[in-house]
Amino acid sequence: MRKELLPNEQVIVSTRAQPRALFWPVLVFVVVPATAAFASAWLSRGRLHQAFAWADPLWDPWLMLACGAAAVWVILFYSLPRVLRWNSTRYILTSLRMVEKRSMLGRKDRQYSLSTVRDISVQQTLLQRILHSGNITLDSGHFGSSAFVDVPEVIKFRNLLLEAMRELPKTELYRGNPGQDDELRDFSDPSLPWELREGESDGR
């Protein structure tokens, strides 16, 4: 990320989504192989034929193989993709931008210039409140809005966002996303949030 920063831009915080998304993938990763191992051991002792007299003992090796294959399939196609998706997604707040980076197989970046943000809202479910996470929505007016899901320590993150917006340059506010047309906005524009329209110096 450092080599992608704009001039005078600094990283404030970089984090992943709240790890509660890993609960079921990790649970499945532990339970499914254990269940497959137990079933294979049960079959290897001839318990299937004892329980069902009509069962052919020649089925046991194939059923043991099926148990192992099922466990591998569940791990590869359920647990592993979800863990990789969580690990490859980062939320990065800089002094100028809010960035979401996804780099699992391909790469997808989503970024918002803080100077275009008109409103910040936080939504939390009961579980998210317990875990101190939540969804942050940035509204940029005609630029649209975007939600960042399950941000950890969401209240602290929102406060960092507000602080970064307050620290934006007062005379040169970018319009649009970084890397596009860097047009200057008049600081006296009444459409700007009131925090960005203070006429006097704040003393800093």
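Higher on the page you've got the structure.
So, here's what we can say about the structure. Since the structure is predicted, the reported quantities are computational estimates derived from the model, not experimental observations.

So, how was this worked out
- All residue numbers here refer to positions counted from 1 along the written sequence of the relevant chain.
- With pLDDT at 70 or above as the cut-off, local features in this predicted model cover only qualifying residues; side-chain atom pairs require 80 or more to be listed or tallied, and sums for whole chains, interfaces and linings still use all residues.
- Only hydrogens and water are set aside when side-chain values are computed; all heavy atoms of the structure are taken into account.
- Helix and strand assignments come from DSSP, with helices taken as H or I runs of at least 4 residues and strands as E runs of at least 2, each series counted from the N terminus.
- Only protein chains enter the accessibility calculation, which uses a 1.4 Å probe; a residue is then buried when its area is under 20% of its type maximum, exposed when over 50%, and partly exposed in between.
- By definition, residues are in contact when any of their heavy atoms lie within 4.5 Å.
- For every accessible area listed, the method is Shrake-Rupley and the probe measures 1.4 Å; residues are considered covered only by the protein chains on display.
- Note on definitions: salt bridges are taken to be side-chain nitrogens of Lys or Arg within 4 Å of carboxyl oxygens of Asp or Glu.
- Any pair of N or O atoms that falls within 3.5 Å is considered a polar contact. Within protein, one atom must be able to donate a hydrogen and the other to accept it, and sequence-neighbouring residues count only if both atoms are side-chain atoms.
- Paired rings are identified among Phe, Tyr and Trp, the last through its six-membered ring, by centres lying within 6.5 Å, and are further divided according to the angle between planes into stacked (under 30 degrees), edge-to-face (over 60) and tilted (the rest).
- Sitting over a ring, as applied to charges here, requires NZ of Lys or CZ of Arg to be within 6 Å of the ring centre and within 35 degrees of the ring normal.
- Helix span, expected: 1.5 Å multiplied by one less than the number of residues in the helix.
- This arc corresponds to the set of directions leading from the helix axis out to the C-beta atoms.
- Only the contacting stretch of a helix is used when fitting its axis, a line to C-alpha atoms as for every element, and angles between N-to-C directions run 0 to 180 degrees.
- Under this scheme an angle from 65 to 115 degrees is roughly perpendicular, one under 35 degrees roughly parallel, and one over 145 degrees roughly antiparallel; angles in between are oblique.
- Residue polarity follows a fixed list, in which Ala, Val, Leu, Ile, Met, Phe, Trp, Tyr, Cys and Pro are nonpolar, Asp, Glu, Lys and Arg are charged, and the others, Gly among them, are polar.

1. Quick word on the overall build of the protein chain
Inference 1: A tally of regular secondary structure across the protein chain gives 5 helices and 9 strands.
Inference 2: When each of the 204 residues of the protein chain is scored for burial, the buried share is 31%.
Inference 3: If you take every contact in the protein chain between residues at least 6 apart in sequence, the share linking residues at least 24 apart comes to 52%.
Inference 4: For the protein chain, the computed accessible surface area is about 13000 Å², with 60% contributed by carbon and sulfur atoms.

2. Concerning the pattern of salt bridges
Inference 1: Counted under the stated rule, the structure contains 7 salt bridges.
Inference 2: Linking Glu9 and Arg97 is a salt bridge whose minimum nitrogen-to-oxygen distance equals 2.8 Å. Of this pair, Glu9 sits in the segment before β1 (11-15) while Arg97 sits in strand β3 (residues 97-102), placing them 88 residues apart in sequence. Arg97 matches Glu9 in its accessibility class, with the two residues each being buried.
Inference 3: Across the pair Arg107 and Asp109 runs a salt bridge whose closest N-O atoms are separated by 3.0 Å.
Inference 4: For Arg107, a relative accessible area of 54% translates into the label exposed.
Inference 5: The structure contains a network of salt bridges with shared partners spanning Glu100, Arg102 and Arg110.

3. Regarding the side chain of Asn135
Inference 1: With respect to the helices and strands, the residue Asn135 is situated in strand β6 (residues 133-139).
Inference 2: Within the local environment of Asn135, its side chain forms a polar contact with the backbone nitrogen of Asp150, the two atoms lying 2.9 Å apart.
Inference 3: Apart from the residues lying within four places of it in its own chain, the contact partners of Asn135 are Ser121, Val122, Gln123, Gln128, Phe148, Val149 and Asp150.

4. A word on the packing of aromatic side chains
Inference 1: The final tally for this structure, using the stated rule, is 3 aromatic pairs.
Inference 2: Ring centres 5.1 Å apart and planes at 80 degrees place the aromatic pair Phe23 and Trp24 in the edge-to-face group.
Inference 3: Look at Trp24 and you get exposed, because its relative accessible area is 53%.
Inference 4: Ring centres of Tyr91 and Phe148 lie 5.8 Å apart, and the angle between their planes is 90 degrees; on these two criteria the pair is classed as edge-to-face. Placement of the pair is Tyr91 in strand β2 (residues 89-94) and Phe148 in strand β7 (residues 145-152), with a sequence separation of 57 residues. The same class applies to Tyr91 and to Phe148, which are both buried.
Inference 5: Seen from the ring of Trp86, Arg16 lies directly overhead, with NZ or CZ sitting 5.7 Å from the centre.
Inference 6: Above the ring of Phe148, the side-chain terminus of Arg110 is found at 4.7 Å from the ring centroid.

5. Some words on helix α5 (residues 154-166)
Inference 1: Over its 13 residues, α5 runs 18 Å from end to end, which matches the ideal 18 Å to within 8%, given 1.5 Å per residue.
Inference 2: Every buried residue of α5 is accounted for by Val154, Phe157, Leu161, Ala164 and Met165. Down the axis, α5 shows its buried residues gathered within 100 degrees of arc, on one side only.
Inference 3: Tucked inside the fold, the buried residues of α5 contact β1, β2, β3, β5 (119-123), β6 and β7.

6. Some thoughts on the packing of helix α1 (residues 23-44) against helix α3 (residues 59-87)
Inference 1: Running from amino to carboxyl end, α1 crosses α3 at an angle of 175 degrees, the nearest separation of the two axes being 9 Å. On the basis of the axis angle, α1 is roughly antiparallel to α3. Mapping the contact onto sequence places Trp24, Pro25, Val28, Phe29, Val32, Pro33, Ala36, Ala39, Ser40, Leu43 and Ser44 in α1 and Asp60, Leu63, Met64, Cys67, Ala71, Val74, Ile75, Tyr78, Ser79, Arg82 and Val83 in α3.
Inference 2: Of the residues contributing to the contact of α1 with α3, the split by class is 17 nonpolar, 3 polar and 2 charged.

7. Looking at unusual backbone geometry
Inference 1: Phi at His132 is positive, roughly 65 degrees, even though this residue is not glycine.
Inference 2: Among the secondary structure elements, His132 is positioned in the loop between α4 (126-131) and β6.
Inference 3: Its relative accessible area of 46% is what places His132 among the partly exposed residues.
Inference 4: Phi is positive for Asp150, close to 55 degrees, though the residue is something other than glycine.
Inference 5: Examined against the element boundaries, Asp150 turns out to sit in strand β7.
Inference 6: Classification of Asp150 as buried rests on a relative accessible area of 7%.

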